[in-house]
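Below, each chain spelled out in residue letters.
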Amino acid sequence: MPELAVPFEEIPHTADWAIRAYGRTLPELFAHAALGMYSLLTDLETVPEAERREALVEAASPEGLLVAWLNELVYLTEREGLAFKRFEILELHLPDPEDPESIGRLRAAAYGGHLESVRKYIKAVTYHNVAIRQEDGLYVVELVFDV
């Protein structure tokens, strides 16, 4: 399996925040994308792992699953004032690309705690140029966050 130098990196964006996330597997990519999103939002060193929340989302594409899941996390942060720093993908079923009616499903757990300070609030995860691809044996995705 290829080496993973970093799980994510912030990349320049003209108006919003953006990251590039990496993973050796799709579940790892999804977890690293969430970690990258929260690292922009707050100092993760200050976030305890006192709370666990589960999210279940469905979508017609792998990118749709990723965006839906991250937006569910944004909703939990907004509603409950929580930040998350560890993520466990419990179930990931991708839609069948041969079946236009097929729907994918993601069930994941997020661990974190009360959000003490915020660098900038993330309003939403966008679909702007979202494309999961493979490079050098790793999954890679770029995500833009509306702030």
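Up top you'll find the structure we're talking about.
One structure accompanies this document, and this report is about it. This one's a predicted model, so the numbers in the text were calculated from it and none came from an experiment.

What about the nonpolar core?
Okay, so step 1: Counting residues in hydrophobic clusters, the biggest one holds 42 residues, and the most contacted among them are Phe30, Trp69, Leu70, Leu73 and Leu143.
Okay, so step 2: Secondary-structure elements contributing two or more residues to this core are strand S2 (17-23), helix H1 (26-41), strand S3 (51-59), helix H2 (62-80), strand S4 (82-93), strand S5 (104-114) and strand S8 (138-146).
Okay, so step 3: With 10 residues, the single largest contributor to this core is H1.
Okay, so step 4: Apart from the residues within four sequence positions on either side, Leu143 is in contact with Trp17, Ala18, Ile19, Ala33, Leu66, Leu70, Val125 and Val130.

Topic: H2
Okay, so step 1: Between the first and last C-alpha of H2 there are 27 Å, a value that for 19 residues agrees with the 27 Å anticipated at 1.5 Å per step.
Okay, so step 2: Buried within H2 we find Glu63, Gly64, Leu65, Leu66, Val67, Trp69, Leu70, Leu73, Val74, Leu76 and Thr77.
Okay, so step 3: Along its buried surface, H2 packs onto H1, S3, S4, S5, strand S6 (124-125) and S8.
Okay, so step 4: Looking one or two residues beyond H2, the residue adopting positive phi is Gly81, at roughly 70°.

Quick look at the packing of aromatic side chains
Okay, so step 1: Applying the stated criterion to the full structure yields three aromatic pairs.
Okay, so step 2: Here the aromatic rings of Tyr38 and Phe84 are separated by 5.7 Å at their centres, their planes lie at 85°, and the arrangement is edge-to-face. Placement of Tyr38 in helix H1 and of Phe84 in strand S4 is noted, with a sequence separation of 46 residues between them.
Okay, so step 3: Take Phe84: its relative accessible area is 0%, and that puts it in the buried class.
Okay, so step 4: Their ring planes at 90° and their centres at 5.9 Å tell us that Trp69 and Phe87 sit as a pair that is edge-to-face. Here Phe87 lies in strand S4 and Trp69 lies in helix H2, a separation of 18 residues in the sequence. Both residues of the pair, Trp69 and Phe87, count as buried.

Overview of the packing of H1 against H2
Okay, so step 1: Where H1 meets H2, the axes come as close as 11 Å, and the angle between the chain directions of the two elements is 40°. H1 and H2 meet at a crossing whose hand is right-handed. For the pair H1 and H2, contact is made by Phe30, Ala31, Ala33, Ala34, Met37, Tyr38 and Leu41 and by Pro62, Leu65, Leu66, Trp69, Leu70, Leu73, Val74 and Thr77, respectively.
Okay, so step 2: Within the contact of H1 with H2, the residues separate by chemical class into 14 nonpolar, one polar and no charged.

Calculation notes
Every chain's residues receive numbers from 1 upward, in the order its sequence appears when written. Since the coordinates come from a predicted model, pLDDT governs what is reported: local features require at least 70, and pairs of side-chain atoms require 80 or more to be given and counted, while whole-chain, interface and lining totals use all residues. Excluded from the side-chain calculations are hydrogens and water; all other atoms, namely the structure's heavy atoms, are used. What makes a nonpolar core is a set of buried Ala, Val, Leu, Ile, Met, Phe, Trp, Tyr and Cys residues whose side-chain atoms join them at distances within 4.5 Å. Here's how the labels work: a residue is buried when its accessible area is under 20% of the maximum for its type, exposed when over 50%, partly exposed in between, all with a 1.4 Å probe on protein chains only. Strands here are runs of E lasting at least two residues and helices are runs of H or I lasting at least four, both read from the DSSP assignment and numbered beginning at the N terminus. Note on contacts: a residue pair qualifies if any of its non-hydrogen atoms lie within 4.5 Å across the two residues. Residue count minus one, scaled by 1.5 Å, sets the expected span of a helix. Paired rings are identified among Phe, Tyr and Trp, the last through its six-membered ring, by centres lying within 6.5 Å, and are further divided according to the angle between planes into stacked (under 30 degrees), edge-to-face (over 60) and tilted (the rest). Orientation is described by axes fitted as lines to C-alpha atoms, over the contacting stretch for helices, and by angles from 0 to 180 degrees between their N-to-C directions. Should the near helix be turned anticlockwise from the far one by less than a right angle, the crossing is termed left-handed; should it be turned clockwise, right-handed. Amino acids are sorted into nonpolar (Ala, Val, Leu, Ile, Met, Phe, Trp, Tyr, Cys and Pro), charged (Asp, Glu, Lys and Arg) and polar (every other residue, Gly among them).

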